[in-house]
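Structural overview for review
These are the residues of each chain, in order.
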Amino acid sequence: MSKAHDLVIIGGGVGGLVTASVAGQLGLDVVLIEREPVLGGDCLNVGCIPSKTLIRSAKVAHTVKNSAAFGVVATGGDADLGQVIARVQSVIETIRVHDDPERFRGYGVDVRFGEAAFIDAHTVEVNGDQIKGRRFVIATGSRPAVPPISGLNEVPFYTNESIFELKTLPKRLAVIGAGPIGLELAQAFSRLGAQVTVFEAGARILPKDDPALSQMLLEVLRQEGVDVQLEATIDQIAQQAGNIVLHLGQASIEVDALLVAAGRRANTEALALENAGITCPASGTIQVDQRLRTTQRHIFACGDCVGPYPFTHMAEYQAGVIISNAIFRMPKKVDYRAVPWVTYTDPELAQVGYTAEAAAAAGINFQTVQFPFAEVDRALADGATAGELKLHVAKGRIIGASLLGPHAGELIHEIALAVSERIPLRKIASLVHAYPTLAQITKRAAGSYFSPALFSPKTRLFVKWINRLLP
Ligand SMILES: Cc1cc2nc3c(=O)[nH]c(=O)nc-3n(C[C@H](O)[C@H](O)[C@H](O)COP(=O)(O)OP(=O)(O)OC[C@H]3O[C@@H](n4cnc5c(N)ncnc54)[C@H](O)[C@@H]3O)c2cc1C
Ligand SMILES: NC(=O)c1ccc[n+]([C@@H]2O[C@H](COP(=O)([O-])OP(=O)(O)OC[C@H]3O[C@@H](n4cnc5c(N)ncnc54)[C@H](O)[C@@H]3O)[C@@H](O)[C@H]2O)c1
């Protein structure tokens, strides 16, 4: 009978790697199992890093093409997709050193490559070997969901798992889904020179975000030339003479390439969770309690296979909660009050804490203050004035914020700290913000909350009175 390891981690993406790194360095006997031949998971290999690197090249092309607006004469701006993708791959390889299996082996982690499946609640099988554990962490991530559209499986299509291997730019690209993946890549490919059409089944883009700000973003995308079709029902997809044809009612559109970005599905089928006695709903997403324990208390789960926020920073955060519960044995619950998320379109759309819709649904008595980038001096200097900040305030504290604009993904963190630490809004309004920065938008929005009281007839009367009274 083989001995039971302290911790067996399934999945070598962010969730699994953060847990393995800490557990290994603390001297636990850890096994990490990854089914792909490399570590890093989606984020490094086919997600955040390739998409953000592609977006950067697309922004360069866009800047060159629009240089006249800045008084600069530049010609060209045509992208060489082969070179762009070579840069994407080179950035991935640079970052990969952090996810080198030898680094983890150096921490004492037994890194194994192969697909893991439970045999019972204390044993998994990998490449025919049985591995026993006292505790387990499932961090198996997610994969692209393929919508049930007639003909889709008979035509070639890309997902995030294959699109970063494209070497030549498709002239016409159709994208199914206007979530973060669809929109980030649609704008990037459009800026690189493709004619892009996005088909979204819903009535709006980015439905989890603020409706007015996502509408503003939609207008920017359309002005730039991205054709976004809402409430679009694709009835049938077929291949004709080398082209892909999408049929929507009476209309049809012919494209050279198709990207499916229609949501995600948790990677749980291969795990044989039933052998471990773990309850898993039909959605495939693993059910966990607030301490991230599955229905088997010694088996924890984190990241995309759990949700509810499928982001890299959440996989990392949840891994921290598991480290506390499973390694330090200090009970810790998840706290999702100040979760930031960002869609890296240009302008970026960021959110933290409550949206106005969620705050209203929760019955919270709150007020919203808004401030546009068009009144922020630095945004004017940068020629990036689309968007605004909305702060949702209850009892003098920010409970949530929605931000569309340049570098929104960076700017949201000052607000995230305020939400998380319940910092009074007056402290943000009185904090000195360097001029001229985009971050001034936060101070200005906070200030606008207080200006009605500051310039009220009562205050004016008081100032008049005190100035008469005092020498
Ligand atoms: C195009 C794209 C762009 C994105 N951009 C961002 C972004 O900008 N910011 C952000 O925060 N998030 C972004 N995300 C989401 C982010 O990539 C995920 O939230 C993150 O990778 C989740 O980490 P994870 O550890 O849960 O899973 P993963 O990174 O998916 O890792 C899970 C690992 O488990 C392995 N595995 C699965 N089943 C088994 C098994 N049975 N046995 C062994 N190994 C197994 C998989 O091979 C994989 O390596 C993006 C995603 C995509 C697709
Ligand atoms: N910037 C980031 O942080 C970032 C970037 C990319 C992805 N991600 C993560 O990955 C997750 C998945 O992204 P996603 O964009 O694939 O999923 P999503 O679920 O956010 O969006 C998918 C969209 O596709 C639409 N859709 C589904 N079926 C359709 C059909 N048949 N026809 C037309 N439209 C259809 C849905 O209505 C939805 O709006 C995100 O929720 C996010 O957490 C994050």
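Residues numbered from 1 in each chain as written. Chains lettered and ligands numbered in written order. Predicted model: local features only at pLDDT ≥ 70, side-chain atom pairs only at ≥ 80, totals over all residues.

1. Re unusual backbone geometry
Quick reminder of the rule: Numbering of helices and strands runs from the N terminus; a helix is a DSSP stretch of H or I covering at least four residues, while a strand is a stretch of E covering at least two.
Note the cis peptide between G307 and P308, where omega equals -5°. Here P308 shows up in the loop between strand 16 (299-301) and helix 9 (312-327). The backbone phi angle of N127 is positive, close to 50°, even though this residue is not glycine. At H407, a position not held by glycine, the phi torsion is positive, near 55°.

2. Notes on the sheet that holds strand 13 (residues 251-255)
This is how the line gets drawn: Two strands qualify as a pair provided that DSSP identifies no fewer than 2 bridges between them. Geometry is summarised by axes, namely lines fitted to C-alpha atoms with helices restricted to the contacting stretch, and by angles between N-to-C directions that run from 0 to 180 degrees.
Strands sit in the order 11-12-13 across an open sheet of 3 strands; the sheet is antiparallel. What marks the edges here is a single partner per strand, and that holds for strand 11 (236-240) and strand 13. Along the sheet, successive strands turn relative to each other by an average axial angle of 25°, direction set aside. Sheet topology places strand 11 next to strand 12 (residues 243-248); 5 bridges connect them, and they run antiparallel. Counterpart to A238 in the pairing with strand 12 is V245.

3. Comments concerning the environment of F113
To keep it simple, the criterion reads: Residue pairs qualify as contacts under a 7 Å threshold applied to their C-beta atoms, which are placed from the backbone.
Tracing the backbone shows F113 in strand 3 (residues 109-113). Residues F113 and E34, spaced 79 residues apart in sequence, show a C-alpha to C-alpha distance of 4.9 Å. Apart from residues no more than four positions distant in its own chain, F113 is found in contact with E34 and P37.

4. Considerations on the nonpolar core
Where we set the bar: As used throughout, a nonpolar core is a set of buried Ala, Val, Leu, Ile, Met, Phe, Trp, Tyr and Cys residues joined through C-beta atoms within 7 Å of each other. For the exposure call, what matters is how many other C-beta atoms sit within 10 Å of a residue's own: 20 or more marks it buried, 12 or fewer exposed, and in between partly exposed, using C-beta atoms placed from the backbone. Residue ranges assigned to each domain were obtained from an automatic or database domain assignment.
Counting residues in each nonpolar core, the largest one holds 78 residues, and the members touching the most others are L173, V175, L185, L259 and I412. Counting only domains with at least three residues in this core, you end up with domain 2 (152-262) and domain 3 (340-457).

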